Amino acid sequence: MSSADQLQSIRTSEDVRAACEAFRVVASRLREEIGRVLVGQEQTVTSVLVALFSNGHVLLEGVPGLGKTLLVRTLGQALGLRFSRVQFTPDLMPADIIGTQIVLDDPRTSQRQFAFRPGPIFTQILLADEINRASPKSQSALLEAMQERSITVGGTTHKLEQPFLVLATQNPIEQEGTYPLPEAQLDRFLIKVIVPPPERDSLNEIIERTTGVQSKDNEVKPVLSASQIAWAQGLARLIVVAPHVQDYAVRLTLATQPGGAFSPAGMEHLIAVGASPRGAQALMSCAKVLALLGGRAAVSTQDIAAAAMPALRHRVVRSFEAEAAGVTTDALVQQLIDATPRELQAAGEAR
Amino acid sequence: MGSTDPILSIVRRARRRIGLQSVLSRFAVAALWVGASLLILVCASKGLAAWWPDLGARGWWFPVLLGLAFAGLALALVLTRGHRPSDVAVASLVDVQLKLHDRLSTAMAVAGRQDPFAAAAIEDGVRLASDRRLTESLGRAMPVRWPKNSWIGPLLCVLAVAVWWFVPGLSPAAVQAAPVSDPELAAAESAAQMQIEAVQQQIEQSPELSKELGDIAPQQGASNDPTNDRKTPDEIHRETARRMTELSQKLDDVLSSERTQSLSAMRDALSKIEPGKSPEVKALAEALKIGDAAAASEAMQEVMEQIASGKMDEATREQMAADLERLAQQIADAADSNEALREALESAGMDGELASNMEAVEAALAASKSLNAEQKERLRKAIKSQKSANAKLRKLSESCKKSCSQCKNGGSKSKDGTPSSDSEDADSEAGEQAEGVLSEMEADAELESAAKSLRSQCRSGQCQGSRPGPESRKSGTGREGGTKGGAIGEGDGGDGTDAVAAEVAGKKSQMGSKRKAVIARQLVDAPPLVGESRARLREIAGDIERGYEEGTDDDPVPPHLRDLHKHYFGDLKQRIDAKSAGGAAGGSGGSGGGAPPTSPNVDSTGKQSSDKAPSAGSKP
């Protein structure tokens with residue numbers, strides 16, 4: 001039975017509850033499997049799972065050595081999906097990512113013809129390591145793949161295999177010689193996850209695992225297939241969003257627009273550019289998955305508030321004043337979350 | 001699909017709490033507004049009562065304000081009912097307060113939908129609402145509390161009532177009820193009363209002055225009691241001082257009137273008379289010389305009696321006739337000299353010789369463009385008074401001449417040695433004429449004397465009337481008072497403004513007696529200095545350097561700019577000199593070459609400068 005058939009078989013509230021529970025179990029198994037290799041970083045793992053089930057891409061930001069690459073590799077192994085890694089460097093060319101046309105000799109006809117050799121992007125999980133080290137030209141090679149999930153080379157469009165997930169990493173320090181991602185590129189990422197340094201217990205365990213005897217228990221096994229992922233992504237689309245909850249997501253997104261009707265007083269001068277409608281879509285997609293991860297069949301404003309930080313932090317551009325004052329984007333988004341009332345508001349009750 | 005009744009039950013319960021809380025909040029706001037309005041209006045009514053006594057007496061404020069208060073509260077109730085939140089909104093509020101992940105509000109919102117996911121959400125919400133623990137926690141999560149700062153409104157109301165009842169403020173009733181036995185107030189009243197009575201007494205003593213001040217006297221009398229409408233000693237003092245000032249100004253007018261100026265002109269004219277040898281005529285001449293009209297009148301009487309008696313020997317008679325003739329001539333000459341008018345013309349910048357011809361003076365006055373209206377008016381008055389003085393002097397001269405002819409005729413005795421009736425008539429006519437002039441002069445002198453005396457009293461009264469202000473009381477020495485402070489010196493000072501006014505008036509009077517007009521002079525008659533400096537930079541380089549050092553002593557330069565300032569200003573003179581020397585050697589050229597040495601002028605724009613100062617941004 002395909003994932004679509006499985007979703008159509010949900011007819012009663014009991015089925016819904018069962019599906020929600022199944023989703024929760026699948027997510028838990030996946031989390032456990034990743035946890036065999038990756039110690040700690042629960043919040044980061046959750047965010048990556050949210051992006052996976054929302055069918056979105058993730059931008060991981062953190063200093064070197066926090067396990068970003070390990071997380072992505074482990075995820076690929078746990079999902080049983082094809083995995084590629086591209087190390088972005090300043091001399092990386094778009095053809096190095098998407099592939100190129102090569103001339104082949106046909107031994108039968110003794111004729112030469114062009115043939116497309118696919119690049120590493122033709123995979124299901126792509127790790128774009130240190131994405132900000134490549135030139136904008138190479139970075140933009142990902143644009144079509146991330147948005148359309150297809151690649152056009154030599155006038156021919158090649159569809160990418162589903163699910164397709166790009167997990168890019170970037171280092172917030174060592175900015176010299178890097179190319180900050182343009183806004184259009186950033187907007188393609190569903191969420192941006194800041195990878196925090198491990199805590200005391202986690203670091204102790206990391207040291208024990210990595211510097212001691214290698215255990216076979218730490219080997220990752222595939223626990224989720226592509227069809228199961230498609231089913232989970234489809235289920236996330238079906239869950240209920242009440243109008244007032246959706247309105248909260250809309251108000252929160254509009255609050256990022258400087259000078260807008262819902263922009264909190266005193267914050268207009270801190271934000272240069274707010275989130276686009278794609279930001280509201282990302283917010284809602286993530287909230288739905290968060291509701292399912294919580295075992296609920298309806299999205300709540302708390303889910304939206306929880307999804308707001310990763311979904312909006314890379315879509316809000318600080319003004320010069322905010323930068324000069326040392327106000328971080330996270331602080332701005334947190335202020336917006338705090339300032340936007342969660343309870344139902346009648347039309348015209350802005351601010 | 002289950003019923004949402006359990007959720008509605010929770011919503012109703014929450015709605016009651018929300019409504020009650022809302023009513024309390026609006027009551028608090030309404031009470032704040034009402035209290036503040038009440039307080040402001042009560043304070044305003046207290047203040048306005050001083051200017052509009054009927055307002056305070058009517059007391060219609062209170063019912064109006066009570067009505068306003070009730071209207072405000074009623075409005076609050078209406079507004080509360082007008083903002084009834086929907087069921088979903090209440091459920092959403094409950095969800096937020098109890099952190100229920102919007103389960104109740106979502107169930108309410110999707111109650112009409114038929115899909116399994118909506119059904120699951122509704123069932124979830126109903127199951128949650130049916131839990132008794134939720135009902136219990138609702139009270140804790142949504143408590144009904146008195147709004148913050150709700151005490152301010154009632155407090156303002158209480159304060160307003162307290163002000164209404166206990167603060168006397170400026171209401172007229174409070175002023176009337178003020179204790180009259182207040183020693184300071186009583187002393188002020190008494191002093192003001194005494195001062196005014198003394199002035200009035202002096203006016204009554206001088207009929208001439210009383211006649212002159214006829215228009216002001218009733219006003220002065222009508223306002224005998226300056227405490228009628230006054231409330232504080234300071235106000236009484238100020239009112240008394242104001243009246244004294246008015247009277248003093250009136251007396252100034254009297255002293256500068258035609259009568260007194262005419263008297264002054266006569267005195268000036270008679271001051272040059274030479275006394276004769278005859279004792280009676282000598283006494284007359286001396287009395288006229290010093291301007292003593294009463295003594296002159298007595299001396300004239302004696303002369304007339306002496307002539308009429310006919311007991312003089314021939315030599316005495318001839319001497320007296322000669323003296324009288326010379327006196328008559330001197331008076332006539334004095335009348336023609338127009339000395340006072342001459343001085344007035346010269347003071348005004350006109351030709352003094354014009355005084356000999358009154359018509360010419362008037363014509364010159366009419367044609368003059370250099371004199372202002374006030375000066376012209378003053379000169380016209382001087383002409384008038386001079387004419388009046390001349391007329392009187394001529395009468396006096398004529399009288400002396402008649403007496404002289406009588407004397408020459410030996411008193412016009414009849415053959416039996418008794419005075420003839422003709423001679424008696426002539427004597428009487430001459431005597432009456434002289435008597436008239438002299439009595440008029442005497443009356444004018446009395447008026448002048450009384451006015452001067454009263455004016456001096458008024459001025460001293462102004463100073464007395466103005467008691468030391470609060471500032472000077474505090475200062476003690478009265479030095480730091482400013483406009484309200486005391487006069488310089490020890491003691492309790494006084495109102496500085498009045499003291500200065502009296503002093504200025506005194507100076508004006510003094511200046512007037514010297515007959516020298518004060519001519520204002522324009523201090524700066526050159527066009528104002530505007531535009532850019534054209535000073536030679538080389539000449540002022542040393543000043544700039546010194547100025548920098550002095551400036552940095554007074555106002556330290558920020559640390560990060562210290563080096564820049566030091567190099568810029570410290571090396572300025574040296575660099576200018578070097579540049580100028582280079583310019584002189586190199587002749588004209590670009591900015592680096594310098595300007596010709598003959599014209600090292602620099603303007604602030606530095607357009608054609610050779611020794612242009614380095615800019616602030618340039619490196620030293």
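Reading the values: rules and limits
Residues numbered from 1 in each chain as written. Chains lettered and ligands numbered in written order. Predicted model: local features only at pLDDT ≥ 70, side-chain atom pairs only at ≥ 80, totals over all residues. Heavy atoms only, no water. Helix = DSSP H or I, 4+ residues; strand = E, 2+ residues; numbered from the N terminus. Buried < 20%, exposed > 50% of the residue type's maximum accessible area, 1.4 Å probe, protein only. Contact = heavy atoms within 4.5 Å. Areas by Shrake-Rupley, 256 points an atom, 1.4 Å probe, with all protein chains shown as cover. Expected span 1.5 Å × (residues − 1). Salt bridge = Lys/Arg side-chain N within 4 Å of Asp/Glu carboxyl O. Polar contact = N/O pair within 3.5 Å; in protein donor to acceptor, adjacent residues only side chain to side chain. Nonpolar A, V, L, I, M, F, W, Y, C, P; charged D, E, K, R; others polar. Pairing = 2+ DSSP bridges. Axes fitted to C-alpha atoms, helices over the stretch in contact; angles between N-to-C directions. Core = buried A, V, L, I, M, F, W, Y, C linked by side-chain atoms within 4.5 Å. Arc of directions from axis to C-beta. Parallel < 35°, antiparallel > 145°, perpendicular 65-115°, else oblique. Left-handed = near helix turned anticlockwise from the far one by under 90°.

Draft legend 1. Region of interest: the overall build of chain A. A tally of regular secondary structure across chain A gives 15 helices and 11 strands. Buried positions account for 50% of the 351 residues belonging to chain A. For chain A, long-range pairs separated by at least 24 residues make up 75% of all intrachain contacts whose partners lie at least 6 apart in sequence. For chain A, the accessible area works out to roughly 16,400 Å², and carbon and sulfur atoms hold 52% of it.

Draft legend 2. Spotlight on the environment of arginine 278 of chain A. If you trace the backbone, arginine 278 of chain A turns up in helix H12 (residues 277-293). Filtering out sequence-adjacent residues up to four positions away, arginine 278 of chain A remains in contact with Gln147, Asp187, Arg188 and Arg315 of chain A.

Draft legend 3. Examining helix H13 (residues 301-312) of chain A more closely. Residue and element names in this part refer to chain A. Compared with the 16 Å implied by 1.5 Å per residue over 12 residues, the 15 Å span of H13 between its first and last C-alpha is a close match. Within H13, 11 of the 12 residues are buried, which leaves the element mostly enclosed by the surrounding structure. When H13 is considered as a whole, its buried residues turn out to be Thr301, Gln302, Asp303, Ile304, Ala305, Ala307, Ala308, Met309, Pro310, Ala311 and Leu312. For H13, the secondary structure elements touched by its buried residues are strand E9 (191-194), helix H11 (243-255), H12 and helix H15 (329-339).

Draft legend 4. Just the interface of chain B and chain A, in detail. Between chain B and chain A, the contact holds 24 residues from the first and 26 residues from the second. In this assembly, chain B and chain A are joined by one salt bridge. The partner of arginine 17 of chain A in a salt bridge is glutamate 123 of chain B, with the nearest N and O atoms 3.0 Å apart. At the boundary of chain B and chain A, one finds seven residue pairs in polar contact (both at pLDDT 80 or more). Secondary structure elements with two or more residues in the side of chain B that touches chain A: helix H4 (87-98), helix H5 (103-109) and helix H6 (116-130) of chain B. With eight residues, H6 of chain B is the single largest residue contributor to the side of chain B that touches chain A. Of the residues that constitute the side of chain B that touches chain A, the class distribution is 13 nonpolar, five polar and six charged.

Draft legend 5. Just the sheet that holds E9 of chain A, in detail. Residue and element names in this part refer to chain A. The strand order across the open sheet formed by five strands is E2-E5-E8-E1-E9, and the pairing between neighbours is parallel. The sheet is open, and its two borders are formed by strand E2 (83-87) and E9, each paired with just one other strand. If you compare each strand with its neighbour and ignore which way they point, the axes differ by 20° on average. Against the sheet, helix H3 (residues 42-53) engages strand E1 (58-61), strand E8 (165-170) and E9, with an angle of about 165° to E9. Its contacts with the sheet place helix H4 (residues 68-79) against E1, E2, strand E5 (125-129) and E8, and it is angled at close to 170° to E5.

Draft legend 6. Up close: the nonpolar core. Counting 109 residues, the largest nonpolar core has Leu30, Phe53 and Ile304 of chain A together with Val94 and Leu104 of chain B as the members making the most contacts within it. With 10 residues, the single largest contributor to this core is H12 of chain A. Residue contacts for leucine 104 of chain B: discarding those within four places in its chain leaves Ile7, Ile10, Ala91, Val94, Asp95, Gly125, Leu128, Ala129 and Leu134 of chain B. Of all hydrophobic cores here, the second largest spans 39 residues; its members include Leu263, Leu270, Ile307 and Met320 of chain B.

Draft legend 7. Spatial organisation of helix H7 (residues 132-141) of chain B. Residue and element names in this part refer to chain B. Residues of H7 that are buried include every one of Leu134, Ser137, Leu138 and Ala141, and no others. The buried residues of H7 all sit within an arc of 125° when viewed along its axis, so they share a single face. Exposed residues lying more than 90 degrees from the buried face of H7 are Arg132 and Arg140.

Draft legend 8. Representation of the packing of helix H14 (residues 258-270) of chain B against helix H20 (residues 373-408) of chain B. Residue and element names in this part refer to chain B. At a minimum axis distance of 8 Å, the contact between H14 and H20 shows a crossing angle of 55°. Put simply, H14 runs oblique to H20. Our pair here, H14 against H20, has a crossing hand that is right-handed. Facing H14, whose interface residues are Glu258, Gln261, Ser262, Ala265, Met266, Ala269 and Leu270, H20 presents Lys381, Ala382, Lys384, Ser385, Gln386, Ser388, Ala389, Lys392 and Leu393. Here the contact of H14 with H20 is composed, by residue class, of seven nonpolar, five polar and four charged.

Draft legend 9. Here's a closer look at the pattern of salt bridges. Residues and elements named next belong to chain B. What the rule picks out here adds up to 27 salt bridges over all chains. For arginine 103, the salt bridge identified is with aspartate 124, shortest N-O distance 2.9 Å. Pair noted here: arginine 103 is in helix H5 and aspartate 124 is in helix H6, with a separation of 21 residues, a long-range link. The network of salt bridges with shared partners includes Arg259, Lys392, Glu440 and Asp444.

Draft legend 10. Spotlight on the environment of glutamate 274 of chain B. All names here are of chain B. Topologically, glutamate 274 is positioned in the loop between H14 and helix H15 (279-289). Considering only alpha carbons, one finds glutamate 274 and aspartate 323, 49 residues apart in sequence, at a separation of 9.7 Å. Other than its neighbours up to four places away in sequence, glutamate 274 contacts Ala285 and Gln330.

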